[in-house]
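This is what each chain is made of:
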Amino acid sequence: MAKSSRIWRSPQPAQPTRQRAVIYARVSSKEQEREGFSIPAQLKLLKDYADVNGVTVVAEHVDVETAKQSGRTNFSEMLAFLRKHPTVRILLVEKTDRLYRNLKDWVTVDELGVEIHLVKEGVVLSNDSRSSEKFMHGIKVLMAKNYIDNLSEETRKGMIEKAEQGLWPSFAPIGYLNVEGPSGKKVIAVDPHLGPLVERLFGWYATGQFSLKEVAAKARRAGLSYRKSGTGVGISTVHTILRNRIYTGAFEWLGKTYKGSHDALVSEDLWFAVQDVLDNRSASKVRGSRHDFAFTGMLTCGHCGCAMVGELKKKKYIYYHCTGFKGKCGEPYVREEVLEERFAGLLAELRFDDEVFELVQRALKESFGDEVRERAAAVQRLQAEAERLRKRIEAMYVDKLDGTVDSGFFDRMAAQWRDEQARCMKDIERHNRADDSYMDSGVALLRLAQDAHRIFEAKGPDEKRTLLNFVFSNCSWANGELSVDFRQPFDLLRETDLSPDTKNPAEGPDFSQNRRWLRG
C-alpha cells in the first residue's frame with residue numbers, strides 16, 4: 001500500500017508585539033510658542049521617534065498652560081489613562097521640564113512605574129535604570145523647579161517695586177477696578193457701582209449693632225456682589241473686606257504697609273473703629289500673641305494621621321501634640337527639642353566628602369549643558385526678532401516721510417511693534433538671568449546636601465521649616481519615633497553606593513570609583 005506523502009512547512013515566525021505608548025506635550029505660555037517650543041514641533045518629534053523605535057502611540061495629551069501648579073487638565077487625564085490601561089507602559093515626552101516642573105508631579109508619575117523616554121535628552125528611565133541616572137534625573141527636576149521659582153522671584157520683585165510706587169500690584173479688590181493710569185501703568189480706581197456699597201458696609205459694621213452675618217445680609221440686599229458671578233458676597237468675604245487696609249488709601253503687601261496712590265473709600269478713623277468692633281467680637285481675642293513654631297504644618301500623628309500642633313507651656317516650653325480631629329488619640333506630648341534633635345540626626349546622614357562633591361558637581365555641569373545651549377538659542381532667536389521689528393519701524397518711518405503712509409497708521413503700528421520689541425527684550429533678560437544662576441543653583445543644592453545639618457542648627461524656626469520641607473516629606477511621629485521620607489535626589493544621596501560598574505566612563509562623568517557616596 002503506497003504511503004501518502006505530507007509536506008511539512010516550517011511555521012511562520014510570529015510577528016513581534018509592538019509596545020504601546022502615550023505622548024505628552026506641553027508649553028507653559030504663548031511666548032514659548034514663539035520661542036520654538038511649539039506643540040506641533042514636539043508632537044512631530046515624538047511621533048517620529050515612535051515610528052523609528054517600533055512603538056505604537058495610542059493616545060496624545062497636550063497642555064498649553066503654566067506648570068507652576070500641579071493638576072494640569074490633560075496631565076491629569078494622561079495619568080488616569082495610564083492607570084486604566086496597564087498594558088500601556090511607555091510615556092514619550094520631549095524633555096524633563098516638559099513633563100513636570102514640580103516635585104509633586106514627579107512623584108505622581110514615578111508611582112505609575114512607566115518607562116519614560118526623554119527623547120530630546122536621549123534618556124530612557126525605568127525601574128531598572130541605574131541609580132546614577134535616577135540621581136541626575138532628580139537633579140534635573142529640581143533645577144527645572146528652581147527655574148520656575150527664579151521667574152516667580154523676578155515677578156515678585158516687580159510687584160514690590162510697583163508697591164513702593166504706591167500702586168496696588170495685583171487684582172483689584174471688591175469696590176475697585178483695574179484701569180490704565182495716565183502713565184500707562186495698571187492702577188486701581190473706585191468702582192462706581194460697588195465702591196459706595198463697600199463704604200456703607202464699613203459704616204454699618206462700625207455701629208456695633210450688627211453681626212458679620214447680619215451685615216453681610218444687608219450688603220447683599222443692597223447689591224454688593226462678586227464681579228464675575230454676580231452672586232451676593234458671603235460672610236467670609238465681608239470679613240476680608242472689613243480687615244483690608246486698602247480701602248483707607250494705604251495697603252499691605254508682603255508684610256509691609258505702603259501709602260497708595262488710589263482714592264480711599266473710608267477714613268482711617270472709620271477703619272480702626274471697625275477693627276475694634278471685630279476684635280471685641282472675636283472669640284479668640286484672649287489668645288495672646290501668635291508664636292512661630294519650627295515644625296508647624298510639617299508633622300502628622302503616626303497613629304491617626306491628624307496634624308500635630310505646637311503649644312507653649314509656662315511661657316517657655318514648646319510641646320507638640322495630636323489635634324485629635326478624628327477622635328481621642330493616645331499619642332503623648334513631645335518636646336520641640338526632641339523633634340529638633342531627631343531631624344538634625346537625619347540631616348547628618350546627608351554628609352559626604354569634598355571629593356564626591358567635586359565628582360557630582362562635574363556630572364551636573366555636563367548633564368545640563370544642553371539646557372544652557374537651548375536657552376542661548378532662544379536668546380538668539382529673540383534678538384533676531386527684536387532686530388527685525390527695529391528695521392520694520394525704521395522702514396515704515398521712511399514711508400511716513402515719503403508720504404506713502406499717514407502719521408496715524410505709523411503711530412499705531414510703531415507702538416504695537418515697540419511693545420513686541422519690549423517683550424522680546426524682557427524674555428532675553430529673563431533667559432540671561434536664568435543662565436547666570438543655573439549652575440550656581442545646582443551647586444547650592446549639593447552644598448545644601450553636604451551642609452544641611454550645620455545649616456539647620458544655625459537657623460530660626462521659619463528657616464528650619466523651609467529647609468526641612470525641601471529635604472523631607474511625609475513626616476510623622478508615633479511611639480517616640482520620627483518617620484520621614486527623603487525627597488529625591490536626597491534619598492539617593494543618602495542610600496547609594498558607588499560600585500565599579502555603576503557608570504561607564506565612556507558614557508559621561510567618571511562614577512567608577514569604589515567609594516561610598518555618603519558617610520553618616
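Predicted, not measured: the structure shown is a model, and the values here were computed from it.

1. As for the overall build of the protein chain
Helix and strand counts for the protein chain come out as 16 helices and 15 strands. Taking all 520 residues of the protein chain together, the buried fraction comes to 42%. A fraction of 64% describes how many contacts in the protein chain between residues 6 or more apart in sequence connect residues 24 or more apart. Looking at the protein chain as shown, the accessible area adds up to about 28800 Å², and 50% of this sits on carbon and sulfur atoms.

2. Some points on the pairing of strand β4 (residues 115-118)
Of the pairings in the sheet, the one linking strand β3 (residues 90-93) to β4 comprises four bridges and is parallel in character. Its bridge partner being in β4, L92 is matched across the sheet by H117. The pairing of β4 with strand β5 (residues 123-125) spans three bridges and is antiparallel. Counterpart to H117 in the pairing with β5 is V124. With antiparallel pairing between neighbouring strands as the criterion, β4 and β5 make up a hairpin whose turn holds four residues, including G122 at a positive phi of roughly 65°.

3. Concerning the sheet that holds strand β14 (residues 472-478)
An order of β10-β14-β15 is seen for the three strands of this open sheet, with the pairing classed as mixed. Taken across any chain shown, the strands that pair with only one partner, and hence form the sheet edges, are β10 (299-301) and β15 (481-486). The average angle at which neighbouring strand axes cross in this sheet is 25°, direction not considered. Of the pairings in the sheet, the one linking β14 to β15 comprises five bridges and is antiparallel in character. Counted as the bridge partner of W477 is L482 from β15. Where helix α15 (residues 461-471) meets the sheet, its contacts fall on β14 and β15, and the angle it forms with β14 comes to roughly 105°.

4. Points about the sheet that holds β3
Reading across from one edge, β2-β1-β3-β4-β5 is the order of the five strands in this open sheet, with mixed pairing throughout. Strand pairing shows two members of the sheet lacking a second neighbour, β2 (55-64) and β5, which therefore form its edges. Taken over all neighbouring pairs, the strand axes of this sheet differ in orientation by 20° on average, direction set aside. The strands touched by helix α2 (residues 39-52) are β1 (19-27), β2, β3, β4 and β5; relative to β1, the strand with the most contacts, the crossing angle is about 160°. Relative to the sheet, helix α3 (residues 73-84) contacts β1, β2 and β3, its axis offset from that of β2 by approximately 150°.

5. So, the confidence of the model for the protein chain
Low-pLDDT portions of the prediction should not be read for the details of their coordinates. Confidence in the prediction of the protein chain, expressed as mean pLDDT, is 77, and 74% of residues score 70 or more. Within the model, the stretch residues 1-8 combines pLDDT values under 50 with zero contacts to residues more than four positions away or in other chains. Contacts for the low-pLDDT stretch residues 282-290, under 50 throughout, to residues beyond four places or in other chains number two contacts.

6. Focus on the packing of aromatic side chains
Applying the stated criterion to the full structure yields 13 aromatic pairs. With a centroid separation of 5.4 Å and 80° between ring planes, the pair formed by W168 and F251 is classed as edge-to-face. Here F251 lies in strand β8 (residues 250-253) and W168 lies in the loop between α6 (131-164) and β6 (176-180), a separation of 83 residues in the sequence. Aromatic rings pair up to connect F295, Y320, F343, F472 and F486 into one cluster. The ring of W417 is capped by R392, whose NZ or CZ atom sits 4.9 Å from the centre of that ring.

7. Points about the pairing of β3
Both faces of the sheet carry side chains from a regular strand, because those side chains alternate between them. A two-sided burial pattern is seen for β3, the buried positions comprising I90 and L92 on one face and L91 and V93 on the other. Where β1 and β3 come together, four bridges link them in parallel fashion. Following the sheet pairing, A21 is matched in β3 by I90.

8. A look at the side chain of E331
Looking at where E331 falls in the secondary structure, it is placed in the loop between β12 (317-322) and β13 (334-335). Within the buried set, E331 has no salt-bridge partner at all; the shortest N-O distance to an opposite charge, 9.4 Å, is to R342. Among the polar contacts made by the side chain of E331, one reaches the side chain of W477 at a distance of 3.2 Å. Only 3.1 Å separates the side chain of E331 from the backbone nitrogen of N479, close enough to count as a polar contact.

9. Structural notes on the nonpolar core
Ranked by size, the top nonpolar core spans 33 residues in total, and within it L201, F202, L224, L242 and Y247 carry the most contacts. For this core, the secondary-structure elements that each account for two or more residues are α7 (195-206), α8 (212-222), α9 (235-243), β8 and α10 (268-281). In terms of residue count, α7 provides more of this core than any other element does, six residues in total. Beyond its immediate sequence surroundings of up to four residues, L224 is in contact with I174, L194, L197, V198, L201, A219, G232, V233 and I241. Formed by 29 residues, the second largest nonpolar core is a distinct cluster that contains F293, A294, V334 and C475.

10. A short note on the packing of α8 against α9
Between α8 and α9, whose axes approach to 9 Å, the crossing angle comes to 95°. By the angle class used here, α8 and α9 are roughly perpendicular. Facing L212, K213, V215 and A216 of α8, the residues of α9 in contact are I235, V238, H239 and L242. Classifying every residue of the contact of α8 with α9 gives six nonpolar, one polar and one charged.

What counts and how
- Residues numbered from 1 in each chain as written.
- Predicted model: local features only at pLDDT ≥ 70, side-chain atom pairs only at ≥ 80, totals over all residues.
- Heavy atoms only, no water.
- Helix = DSSP H or I, 4+ residues; strand = E, 2+ residues; numbered from the N terminus.
- Buried < 20%, exposed > 50% of the residue type's maximum accessible area, 1.4 Å probe, protein only.
- Contact = heavy atoms within 4.5 Å.
- Areas by Shrake-Rupley, 256 points an atom, 1.4 Å probe, with all protein chains shown as cover.
- Pairing = 2+ DSSP bridges.
- Axes fitted to C-alpha atoms, helices over the stretch in contact; angles between N-to-C directions.
- pLDDT = per-residue confidence, 0-100.
- Phe/Tyr/Trp six-rings, centres within 6.5 Å; stacked < 30°, edge-to-face > 60°.
- Lys NZ or Arg CZ within 6 Å of the ring centre and 35° of its normal.
- Lys, Arg positive; Asp, Glu negative; His and termini not counted.
- Salt bridge = Lys/Arg side-chain N within 4 Å of Asp/Glu carboxyl O.
- Polar contact = N/O pair within 3.5 Å; in protein donor to acceptor, adjacent residues only side chain to side chain.
- Core = buried A, V, L, I, M, F, W, Y, C linked by side-chain atoms within 4.5 Å.
- Parallel < 35°, antiparallel > 145°, perpendicular 65-115°, else oblique.
- Nonpolar A, V, L, I, M, F, W, Y, C, P; charged D, E, K, R; others polar.

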